[in-house]
Amino acid sequence: AMKKAFKDRRSFGHFWYRFEHGESGGDVFDRVSDWWASMFREMVRNRFRNYVIITHGLTMRCLCMYYFKWSVEEFSRVKNPDNCDIWVLERGADFKYRLVTRS
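Cut-offs used in this document
- Residues numbered from 1 in each chain as written.
- Predicted model: local features only at pLDDT ≥ 70, side-chain atom pairs only at ≥ 80, totals over all residues.
- Heavy atoms only, no water.
- Patch = residues over 30% accessible without salt bridge, like charges linked within 9 Å, V, L, I, M, F, W, Y side chains within 5 Å.
- Areas by Shrake-Rupley, 256 points an atom, 1.4 Å probe, with all protein chains shown as cover.
- Salt bridge = Lys/Arg side-chain N within 4 Å of Asp/Glu carboxyl O.
- Buried < 20%, exposed > 50% of the residue type's maximum accessible area, 1.4 Å probe, protein only.
- Helix = DSSP H or I, 4+ residues; strand = E, 2+ residues; numbered from the N terminus.
- Phe/Tyr/Trp six-rings, centres within 6.5 Å; stacked < 30°, edge-to-face > 60°.
- Lys NZ or Arg CZ within 6 Å of the ring centre and 35° of its normal.

As for a nonpolar patch on the surface
So, step 1. On the surface, a cluster of nonpolar side chains totalling about 230 Å² of accessible area is made up of Ile86, Val88 and Val100.
So, step 2. Under the relative-accessibility criterion, Val88 is labelled partly exposed at 31%.

Given below as structure tokens:
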């Protein structure tokens, strides 16, 4: 069953394929989009210096995809973070965030 699922995923596309009882990258992106928009509203209201987000690798990539407006092809070129990896988004003087480190 898994062999067929992986074959189907290759032909359908990694980002769009949904394993049985699971989510596709597209599903995660939809959830992330709503959360990220509310997070930015919170950031504008409170203006804390730092925020810490602890999440899964796919979700982190989807957060970056949403913010940096990556295409599916760009998203696919970014390796999923390893366990306990730290990614830092740093706000510049222009109030835009940049991905400055990926461990």
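Things to note about the pattern of salt bridges
So, step 1. Counted by the stated rule, this structure contains 6 salt bridges.
So, step 2. Taking the shortest distance from any N to any O, the salt bridge between Glu23 and Arg31 comes out at 2.8 Å.
So, step 3. For Glu23, a relative accessible area of 39% translates into the label partly exposed.
So, step 4. A salt bridge links Arg45 to Glu42; its shortest N-O distance comes to 3.1 Å. Linking Arg45 with Glu42, this pair stays in helix H2 (residues 25-46), spanning 3 residues, or about one helical turn.

Quick notes on helix H1 (residues 2-12)
So, step 1. With respect to burial, H1 is a largely exposed element, only 1 of its 11 residues being buried.
So, step 2. Positioned one or two residues after H1, Gly13 has a phi angle of 115 degrees, which is positive.

Side note on unusual backbone geometry
What you tend to see is this: most non-glycine residues have negative phi, and most peptide bonds are trans.
So, step 1. You will see that His21, though not glycine, has its phi angle at about 65 degrees, which is positive.
So, step 2. Note on placement: His21 falls in the loop between H1 and H2.
So, step 3. Since its relative accessible area comes to 80%, His21 is described here as exposed.
So, step 4. Positive phi, close to 70 degrees, is recorded for Cys84, a residue that is not glycine.
So, step 5. Take Cys84: it is sitting in the loop between helix H4 (72-77) and strand E1 (87-91).

A look at the packing of aromatic side chains
So, step 1. Taken as a whole and assessed by the stated rule, the structure comprises 15 aromatic pairs.
So, step 2. Taking the centre distance of 5.6 Å and the plane angle of 70 degrees together, the rings of Phe6 and Phe19 count as edge-to-face. Taken as a pair, Phe6 in helix H1 and Phe19 in the loop between H1 and H2 lie far apart in primary sequence, 13 residues in all.
So, step 3. The class of Phe6 is partly exposed, set by a relative accessible area of 35%.
So, step 4. Judged by centre distance (5.4 Å) and plane angle (20 degrees), the rings of Phe40 and Tyr67 are stacked. Residue Phe40 is located in helix H2, and its partner Tyr67 is located in helix H3 (residues 57-68); the two are separated by 27 residues in the primary sequence.
So, step 5. Cation over ring: Arg61 sits above Phe75, and NZ or CZ is 4.0 Å from the ring centre.

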